[in-house]
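Reading the structure
So the chains spell out like this:
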Amino acid sequence: MRTLTICPPPPLLLLLLAGLRTPASGLRCYRCEGDGTCSVEECPKARQSCRTTSLWDEDVSSSVMVKKEEKSCAWAGKPNSSLTYLTGQTRITLLENHCTTDLCNKRQDRVGSTPARGGLECVTCGSSDLSCERNMHRTMRCSPQDQCVDLTSYSVPDESAPDERHIRGCGQLSDCSGPLGFHNNHTFTLLRCCNSSLCNGGPVTHHSLLPPNGVKCRSCWGNSTHGCSHREESTISCQGPMDHCLEATGMHELWGPQAMVKGCATAGWCKSPYLSVYGGLDQVEVRCCSDGLCQHQSTPRSGTTPHPHLALSSFLALLVPLALAPSL
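Residues numbered from 1 in each chain as written. Predicted model: local features only at pLDDT ≥ 70, side-chain atom pairs only at ≥ 80, totals over all residues. Heavy atoms only, no water.

**Here's the deal with the overall build of the protein chain**
Heads up, the condition is: To qualify as a helix, a DSSP run of H or I must reach at least 4 residues; to qualify as a strand, a run of E must reach at least 2; elements of each kind are numbered from the N terminus. Contacts are assigned to residue pairs that have any heavy atoms within 4.5 Å of one another. Per-residue and other accessible areas follow the Shrake-Rupley method at a 1.4 Å probe size, with only the shown protein chains counted as cover for residues.
For the protein chain, the count of helices and strands is three helices and 18 strands. Contacts spanning at least 24 positions in sequence make up 67% of the contacts within the protein chain whose residues lie at least 6 apart. With the model as given, the accessible surface of the protein chain reaches about 17100 Å², and the carbon-plus-sulfur share is 53%.

Set out below in C-alpha cells:
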C-alpha cells in the first residue's frame, strides 16, 4: 500500500497565493441620499468616519414627525452636533453623529417629543414664520449639554433677490465659544453661542447694520478665470467681529482644483474653518491675516488634515436652508 505524502507548498507559492487575496478593506459606511436611497460605500483613507445627518420635523400640536436623513463617509475626529428650534407649530431638530466602526451609521435613534429638562432656557424663533424678524420670540428648555444659539445667514443667489435668515434655539456646536462668522459680497454667516439662560435674546442681527471695523479684504468666489479673476475680485470693508482676511483654496466639483473663496472672517473662524461656507470645497487650504488684504503677515492653515472642529461642514449646509423666509 502506497503512502500519500502531502508536501507543504513552497514559500514562493504561498507568496503568490497571498497576492491573489482581496486586500483588507477600509472602513465601510452606509451612504444614503435625501430621497432615502441607500448603499454601502468603502471610505477613502482620508475619511475614516461614518456620518449621519438627520432632520426631524415635528408638529408640536399633533406630535406627527417627519425625518429626512443623509449618510456617508466623513473626516475622522469630528464631534457630534445638534440644534433644535421652534418655528410656527413646528419643532425642528438637526443632528449630526459620527462613528468609526464598519456600518455603524445604520440607524439613527428617534428624537423624542418629551421636553428637555435640566438645561438652559433659550430664546427660540425661525425665519420660516418671520418670528425672529417680528421679535415674536418664545422660549424653550434645552438639554443639559446644550448652549443657546443665534444664527444669521444672508446670501445673494445668482438669479433671485437676496434673502436673510435667522434661527435661535438650543444647540451643541463644535468650537462655538465666541462669535464665528464669515462674509464677502456673496454670503454672510454669523453664529453666536452663549451659556446662560435667555442670553440669545434681543433684536436679531441684520448684516447691513453691523458697523465696519476698519479692515479691508479681497472678496470673490470661483476660480482664477471665473468669479475670482483680477477683473471680478473686489475689495470690501469688513463688518462687526469679522476683522481677519480669509483666503481659502481647494477642489470644487464645478470650478476644479483651484477653486477659491475670499472674504472677512472672525479669528475663531480662521482657526477652525466651517467648510460649508466655502461652497463645497474639498482638500481646503486656508490663509488668514489681520493686517488687511493679507499683504504682510498671514497664518496658513491646511484643511487636508482632518480636524475635529470641521464638524459643521455638512451640518450647517443642511441647517441654513430650513429657515427660508417666505414672501410677504
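**What about the pattern of salt bridges?**
Stated precisely, the cut-off is as follows: Salt bridge, as applied in this entry: a Lys or Arg side-chain nitrogen positioned within 4 Å of an Asp or Glu carboxyl oxygen. Under the scheme applied here, a residue whose accessible area is under 20% of the maximum for its type counts as buried, over 50% as exposed, and between as partly exposed, the area being computed with a 1.4 Å probe on protein chains only.
According to the stated counting rule, one finds 11 salt bridges in the structure shown. Here glutamate 33 ties to arginine 31 by a salt bridge, and the two come within 3.3 Å at their closest N and O atoms. Judged by relative accessible area, arginine 31 falls into the partly exposed class, the value being 33%. Residue aspartate 150 is joined to arginine 168 by a salt bridge in which the shortest nitrogen-to-oxygen separation is 3.3 Å. One end of the pair, aspartate 150, is in strand 9 (residues 147-155); the other, arginine 168, is in strand 10 (residues 163-172), and 18 residues separate them in sequence. A relative accessible area of 1% places arginine 168 in the buried class. Within the structure, one salt-bridge network assembled from shared partners comprises Arg218, Glu233, Glu247, Lys262 and Arg287.

**Here's the deal with the pairing of strand 3 (residues 49-59)**
Across a regular strand the side chains alternate sides, sitting on one face of the sheet and then on the other. Stated formally: Two strands pair if DSSP finds at least two bridges between them.
A large share of strand 3 lies buried, amounting to nine of its 11 residues. As paired elements, strand 3 and strand 4 (residues 65-74) share 10 bridges and run antiparallel to each other. When the bridges of strand 4 are listed, arginine 51 appears paired with serine 72. Relative to strand 6 (residues 90-99), strand 3 runs antiparallel, the two being bridged by 10 bridges. In the strand pairing of strand 6, threonine 52 is matched with asparagine 97.

**Description of the side chain of arginine 91**
In this structure, arginine 91 sits in strand 6. With residues up to four places along the chain from it excluded, the contact list for arginine 91 reads Trp56, Asp57, Glu58, Val60, Thr84, Tyr85, Leu86 and Met140.

**A short note on the confidence of the model for the protein chain**
For clarity, the threshold we go by: Per residue, pLDDT captures the predictor's confidence, and it can take any value from 0 to 100.
When the pLDDT values of the protein chain are averaged, the result is 76; 72% of them are 70 or greater. Model confidence for the protein chain, summarised as mean pLDDT per element, is weakest for helix 1 (residues 11-20) at 36 and strongest for strand 7 (residues 121-126) at 95. Predicted confidence for residues 1-24 stays below pLDDT 50, and this span has one contact to residues more than four positions away or in other chains. Low pLDDT (under 50) marks residues 320-328, which in the prediction has 27 contacts with non-local residues, meaning those over four places away or in another chain.

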